[in-house]
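# Remarks on the overall topology
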Amino acid sequence: MSIEVKEKDILLEVKNLKTYYPIHGGFFRRKIGDVKAVDDISFELRKGETLGLVGESGCGKSTTGRTILRLLDPTEGKVVFNGQDITRLRGTSLRKVRQDFQMIFQDPYASLNPTQMVGDVVSEPIRNFTGKSIKQLKPEVMELLTKVGLPQDAYYKYPHEFSGGQRQRIGIARALALRPKLIIADEPVSALDVSVQSQVLNLLKELQDEFDLTFLFIAHDLSVVKHMSDRIGVMYLGGLVEIAEKKSLYAEPLHPYTQALISAIPEPDPRKKKKRIILEGDVPSPVDPPSGCPFHPRCMHAKPECSQIKPQLKEVKPGHRVACHLYS
Ligand SMILES: Nc1ncnc2c1ncn2[C@@H]1O[C@H](COP(=O)(O)OP(=O)(O)OP(=O)(O)O)[C@@H](O)[C@H]1O
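Rules and cut-offs
- Residues numbered from 1 in each chain as written.
- Predicted model: local features only at pLDDT ≥ 70, side-chain atom pairs only at ≥ 80, totals over all residues.
- Helix = DSSP H or I, 4+ residues; strand = E, 2+ residues; numbered from the N terminus.
- Contact = placed C-beta atoms within 7 Å.
- UniProt positions renumbered as here; feature names shortened; annotations may be inferred.
- Axes fitted to C-alpha atoms, helices over the stretch in contact; angles between N-to-C directions.
- Parallel < 35°, antiparallel > 145°, perpendicular 65-115°, else oblique.
- Left-handed = near helix turned anticlockwise from the far one by under 90°.
- Nonpolar A, V, L, I, M, F, W, Y, C, P; charged D, E, K, R; others polar.
- Pairing = 2+ DSSP bridges.
- Buried ≥ 20, exposed ≤ 12 C-beta atoms within 10 Å, placed from the backbone.
- Near = placed C-beta within 6 Å.

## What about the environment of Ile 265?
With respect to the secondary-structure elements, Ile 265 resides in the loop between α10 (256–263) and β11 (314–317). Along the primary structure Ile 265 and Asp 221 are separated by 44 residues, whereas in three dimensions their C-alpha atoms are 8.8 Å apart. Setting aside anything within four residues of it in sequence, one finds Ile 265 in contact with Leu 222 and Ser 223.

The following block contains the structure:
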């Protein structure tokens, strides 16, 4: 029933990953609990694809991305990159695999050093890894600037001299400098004007083909994710509730939470009537998540078992997995 994915086609595997942030309190600042930001998620990323990760603010998307890149240490679980378990790598071994994955951030200005010229900013990752000088790398950096659609004189300018969209292009050039295999783009266009968003998204798509990139694309905007992704994973309260090919997910969302998210996308054609599903209540706290299915307190289809047993992600159609008792 499942869509066959050969092991050699998989670039990244995330297995039962948990990332908790400890909470300290009291006079002695003892640990009194955890923010269960990522709470047991598993998925794989195939070479050359874009997997979109969506969900409301605070559901754990960024923490997932940062844990994969080993900017955060996982509490439990495994991250396997290109067949190598990188979960507990440290020092030189971690530095070595880090060449292969990069991150593009939401706010390009915050992630670019304002005191460095663009030439320095873009060449920095290569200098750190190879020891080559700025001068040696100039032709390479000039080429990267052209590839991301920036003029050659950008090399001598500073980040504050650019618009938001251009700054994001600088961030993209920097991310590409080491020719990575995987790019995690965390809300890369949400800080940009709508008119600029599609230009940056289209640039990322062009570069994906040219540089043979695999993307994990994190966003809360379902229209943006739809434009970019081959497959989409939907997160709720630290867990993955549904994952499927884009077409299948939008045509037939299975999880009641995904159904609500998709019903909220504005319909461009005013003649088409669309029923919006309004979710009751707020997202519960990841410090003390509900028992059973984390979505059950807000789910209109909840049954008694939903508050007792946590549903596992199961394949219910080829390549379409959902964690919901409605389908068990
Ligand atoms: N450094 C931290 N210390 C403690 N809790 C944190 C920390 N960073 C994130 N969190 C909490 O972890 C949970 C997941 O946050 P995360 O940023 O991963 O979610 P997100 O889906 O990316 O949200 P957003 O789109 O708002 O960035 C949230 O409850 C958040 O408040």
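## Focus on the UniProt feature "domain: ABC transporter" (unreviewed entry) in the chain
The UniProt record marks residues 12–262 with the feature "domain: ABC transporter" (unreviewed entry), using the residue numbering of this structure. This span, residues 12–262, is 39% helix and 28% strand, and a straight line between its end C-alpha atoms measures 27 Å.

## Focus on the packing of helix α6 (residues 164–176) against helix α7 (residues 194–211)
A packed helix pair is summarised by two numbers, namely the angle formed by the two axes and the spacing between the axes. In contact at an axis separation of 10 Å, α6 and α7 are set at 15° when each is read in the N-to-C sense. Overall, the two elements α6 and α7 adopt an arrangement that is roughly parallel. The hand of the α6/α7 crossing is right-handed. From α6, Gly 164, Gly 165, Gln 168, Ile 172 and Leu 176 reach across to α7, where they touch Val 196, Gln 199, Val 200, Leu 203, Leu 207 and Phe 211. Class assignment for the residues of the contact of α6 with α7 results in seven nonpolar, four polar and no charged.

## Focus on the sheet that holds strand β2 (residues 30–46)
One open sheet holds the four strands; their spatial order is β2-β1-β4-β5, and the pairing between them is antiparallel. A strand with exactly one partner marks an edge of an open sheet, and here the two such strands are β2 and β5 (84–85). Pairing geometry for strand β1 (residues 10–25) and β2, over 13 bridges, is antiparallel. Each bridged residue has a counterpart across the sheet, and for Gly 25 the counterpart in β2 is Arg 30.

## What to know about the sheet that holds β11
The strand order across the open sheet formed by eight strands is β6-β7-β8-β3-β9-β10-β12-β11, and the pairing between neighbours is mixed. The sheet terminates laterally at β6 (101–104) and β11, the two strands that pair on one side only. Each adjacent strand pair in this sheet contributes to an overall mean axis angle of 20°, direction not counted. Across five bridges, the pairing between strand β7 (residues 182–186) and strand β8 (residues 214–218) is parallel. Looking at the pairing, Ile 184 lines up with Leu 216 of β8.

## Here we look at α10
Of the positions making up α10, those classed as buried are Pro 256, Tyr 257, Thr 258, Leu 261 and Ile 262. Taken together, the buried residues of α10 touch α8 (222–228), β9 (231–236), β10 (239–245) and α9 (246–251).

## Focus on the site of the ligand
Around the ligand, a shell composed of 13 residues is seen, among which Tyr 21, Ala 37, Ser 57, Ser 62 and Thr 63 lie nearest. Among the elements that line the shell around the ligand, the one with the most residues is helix α1 (residues 61–68), at three residues. Taken together, the residues of the shell around the ligand sort by class into five nonpolar, seven polar and one charged.

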